[in-house]
Amino acid sequence: MAKQPMLKFVNVGRDTPEKRGADDRARDFHEIYAEYADQKAKEQAGRCSQCGVPYCQSHCPLHNNIPDWLRLTAEGRLEEAYEVSQATNTFPEICGRICPQDRLCEGNCVIEQSGHGTVTIGAVEKYITETAFEEGWVKPIKPAQEREESVGIIGAGPGGLAAADILRRAGVQVTVYDRYDRAGGLMTYGIPGFKLEKPVVMRRNEQLEAGGVTFRLNCDVGRDITFAEIREAHDAVIIATGVYKSRDLPGPGSGAQGIVRAIDFLTASNRAVNFGDDVPEYESGELNAKDKNVVVIGGGDTAMDCLRTSIRQGAKSVKCLYRRDRQNMPGSQREVANAEEEGVQFEWLTAPKGFKGDPVSGVVVQKMRLGQPDATGRQSPEIIEGSDYEEPADLVIKALGFEPEDLPKLWDAEGLEVTRWGTVKAEFGSGATALPGVYAVGDIVRGASLVVWAIRDGRDCADAVLEQINGAAAVAAE
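The rules behind each value
Residues numbered from 1 in each chain as written. Predicted model: local features only at pLDDT ≥ 70, side-chain atom pairs only at ≥ 80, totals over all residues. Heavy atoms only, no water. Salt bridge = Lys/Arg side-chain N within 4 Å of Asp/Glu carboxyl O. Buried < 20%, exposed > 50% of the residue type's maximum accessible area, 1.4 Å probe, protein only. Helix = DSSP H or I, 4+ residues; strand = E, 2+ residues; numbered from the N terminus. Pairing = 2+ DSSP bridges. Axes fitted to C-alpha atoms, helices over the stretch in contact; angles between N-to-C directions. Patch = residues over 30% accessible without salt bridge, like charges linked within 9 Å, V, L, I, M, F, W, Y side chains within 5 Å. Areas by Shrake-Rupley, 256 points an atom, 1.4 Å probe, with all protein chains shown as cover. Lys, Arg positive; Asp, Glu negative; His and termini not counted. Charge placed at Lys NZ, Arg CZ, Asp CG, Glu CD. Phe/Tyr/Trp six-rings, centres within 6.5 Å; stacked < 30°, edge-to-face > 60°. Lys NZ or Arg CZ within 6 Å of the ring centre and 35° of its normal. Right-handed = clockwise from strand over helix to strand, strands pointing away. 1 Å grid on protein atoms, 1.4 Å probe; cavity = no way out; pocket = protein on both sides within 12 Å on 5 of 7 lines; lining within 4 Å. Points joined across faces, edges and corners; volume = space filled by probe spheres on them. Nonpolar A, V, L, I, M, F, W, Y, C, P; charged D, E, K, R; others polar. Contact = heavy atoms within 4.5 Å. Core = buried A, V, L, I, M, F, W, Y, C linked by side-chain atoms within 4.5 Å.

1. Here's the deal with the pattern of salt bridges
It is possible for side chains of opposite charge to pair when their charged atoms get near one another.
No. 1: Inspection of every chain in the model, using the stated rule, returns 40 salt bridges.
No. 2: Two residues, Glu75 and Arg71, come together in a salt bridge whose shortest N-O distance is 3.0 Å.
No. 3: Residue classification places Glu75 among the partly exposed positions, given a relative accessible area of 30%.
No. 4: A salt bridge links Arg369 to Glu382, with the nearest nitrogen and oxygen atoms 3.6 Å apart. With Arg369 in strand 11 (residues 362–373) and Glu382 in strand 12 (residues 379–383), this pair connects stretches of sequence that are 13 residues apart.
No. 5: Residue classification places Arg369 among the partly exposed residues on the basis of a relative accessible area of 43%.
No. 6: Its relative accessible area of 35% is what places Glu382 among the partly exposed residues.

So, in structure tokens, the structure goes:
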């Protein structure tokens, strides 16, 4: 009888891929986690309990069939494991690297709840897809039949690219419009290389382009081309712009030189370090933390990215101000731990009151305490009067989150309805908007969210668009 490859969690402990030492990894922008060797991947996948109700799957936005591809990995059937993984996820190698598994699949693993330590789902997912690329199992996009219908996608982030992949495989002609010079959105310019090395993203961009997706880059809708022109050129349009407008930081002195937006700081670093672009603001020090006292304001994953990027750029000191405590922060606890190991100091229950100097030389900080819960159930921060102090700072990075741009105004898109938060109003599931043939997906609908949710929205929307154009084709045939 064959040996049972699963249910090993009782006698095999959780073992994550080796993590590079903090001193070593803080000197470069390479990924900090190694990949599993074949035997280790099989062993860790074999810890899965194959439970009757897979909470890992139900808590994954893509509802990835995690138990099945873990079992296939444990049995050494990696090509099948990849096929199962790819069936529900356009970019599994990216999700395996940057998804907050501790809040999603792994955080809801049954054996974790029983005290045995979660299955390392994300690391196995990354291993499966990287092996698939190495072995040539990732096939080029070759539609069985070309179609004459075309779809325009505005935004080359994860939502737009996921939709492009599904539509192109169905033979639809796809054009992606994006304001940047490289596709990928925040995966390319927002997420640092130590979490997601850029060749991983460029490899998927190249696959889409080789498969027939047309990219119109450096194309700013509303300036280089009108929204009306895009609608006229295509049978359907998908808005997948994401949200790029940074929340502002009030207070005396907030306009001083040296107070910068997180997206500008991260984009400059990714361009200069990961792509070797000429970035004057980086070279001049305006968007470079080298030899500076850096203060990052915010507690989400973007703040963590800024903190850890500052360490790698050679900052003199790096501190994070966050108005709640560690337990109530929105960012990944794994990222906080990595940042602390690398030398970041967290000042919990603190918020900026104002700024000194121009260029900035310090942040006036006020201490906070947690009061009664707000409408979301989280305790609201309250100011402790008379607790102000000054934190030295040569560079202050605002990482307070993102808001949507006013697309109806920017694009002169009459009839494009938005919510009171400025996000595009779209039908749940399909992404259909009030404008016929126009859809919206990802952060521009949800507000700032996760890459995995954008992928889910893009895939669902592509299915809805296919249904629309198939219906139109059937009517035309009659």
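2. As for the sheet that holds strand 16 (residues 438–440)
No. 1: Ordered by their spatial adjacency, 5 strands build an open sheet running 3-2-1-4-16, and the pairing between neighbours is parallel. The sheet is open, and its two borders are formed by strand 3 (214–216) and strand 16, each paired with just one other strand. Across the sheet, the mean angle from the axis of one strand to that of its neighbour is 20°, orientation sign disregarded.
No. 2: Here 3 bridges tie strand 2 (residues 173–177) to strand 3, and the two strands are oriented parallel to one another.

3. A few points about a negative patch on the surface
No. 1: On the surface, a cluster of negative charge is contributed by Glu35, Glu79, Glu83, Glu134 and Glu135.
No. 2: Elements that contribute at least two residues to the negative patch include exactly helix 5 (78–88) and helix 8 (121–135).
No. 3: Within the secondary structure, Glu134 sits in helix 8.

4. Comments concerning the packing of aromatic side chains
No. 1: Per the counting criterion, the structure on display carries 6 aromatic pairs.
No. 2: Both rings, one in Phe227 and one in Trp411, keep their centres 5.2 Å apart while their planes meet at 25°; by these two values the pair is stacked. Of this pair, Phe227 sits in helix 12 (residues 227–233) while Trp411 sits in the loop between helix 17 (407–410) and strand 16, and the two are 184 residues apart along the sequence.
No. 3: Classification of Phe227 by relative accessible area gives buried; the value is 3%.
No. 4: Put simply, the rings of Tyr180, Tyr189, Tyr244 and Phe275 touch in pairs and so form one group of aromatic residues.
No. 5: Over the ring of Tyr244 we find Arg179, and its NZ or CZ is 5.7 Å from the ring centre.
No. 6: The residue whose ring lies beneath Arg182 is Phe275, and the NZ or CZ to ring-centre distance is 4.0 Å.

5. Thoughts on the pairing of strand 8 (residues 317–322)
No. 1: For strand 8, a buried count of 5 out of 6 residues is recorded, marking the element as mostly surrounded by other parts of the structure.
No. 2: For strand 8 and strand 9 (residues 345–348), the ladder comprises 4 bridges, and the chain directions are parallel. Counted as the bridge partner of Lys319 is Gln345 from strand 9.
No. 3: The β-α-β motif built from strand 8, the intervening helix 16 (residues 333–341) and the parallel element strand 9 has right-handed crossover chirality.

6. Observations regarding empty space enclosed by the protein
Which parts of space are left empty comes out when a probe the size of a water molecule is rolled across the atoms.
No. 1: Under the criterion given, the structure shown has 2 cavities of 30 Å³ or more.
No. 2: Considering the residues around the largest cavity, the lining is formed by 17 residues, among which Cys60, Asn64, Cys99, Cys105 and Glu125 are closest to the centre.
No. 3: Looking at the lining of the largest cavity, the element that brings in the most residues is helix 8, giving 3 residues.
No. 4: The computed volume of the second largest cavity comes to approximately 100 Å³.
No. 5: At the level of secondary structure, the elements contributing two or more residues to the lining of the second largest cavity comprise helix 3 (55–58), helix 4 (66–74) and helix 7 (110–113).
No. 6: Looking at the lining of the second largest cavity residue by residue, the class counts come to 11 nonpolar, 3 polar and no charged.

7. Some points on the sheet that holds strand 9
No. 1: Taken together, the 5 strands give an open sheet; going across it, the order is 6-14-7-8-9, and neighbouring strands pair in parallel fashion. Both outer strands of the open sheet, strand 6 (259–261) and strand 9, are each paired with one neighbouring strand and no more. Put simply, the sheet's adjacent strands are angled 25° from each other on average, direction ignored.
No. 2: Relative to strand 14 (residues 395–398), strand 6 is paired through 3 bridges, and the arrangement is parallel. Of the residues in strand 14, the one forming a bridge with Arg261 is Lys398.
No. 3: Of the strands in this sheet, strand 6 and strand 14 touch helix 13 (residues 262–274), which is tilted by about 75° from strand 6.
No. 4: Strand contacts of helix 15 (residues 301–312): strand 7 (293–297), strand 8, strand 9 and strand 14, with the helix running at about 170° to strand 8, the strand carrying the most contacts.

8. Some thoughts on the side chain of Arg204
No. 1: The topology assignment puts Arg204 in helix 11 (residues 198–210).
No. 2: If we skip the residues at most four places from it in the chain, Arg204 touches Tyr82, Gln86, Thr90, Phe91, Pro92, Glu93, Thr129, Phe133 and Val138.

9. Remarks on the nonpolar core
No. 1: Among the nonpolar cores identified, the biggest contains 72 residues, and Leu70, Ile153, Leu167 and Ile238 are the most heavily contacted of them.
No. 2: Counting residues per element, this core draws most heavily on helix 19 (residues 451–477), at 9 residues.
No. 3: Among the nonpolar cores identified, the runner-up in size contains 30 residues, and Val318, Cys320, Val336 and Ala399 belong to it.

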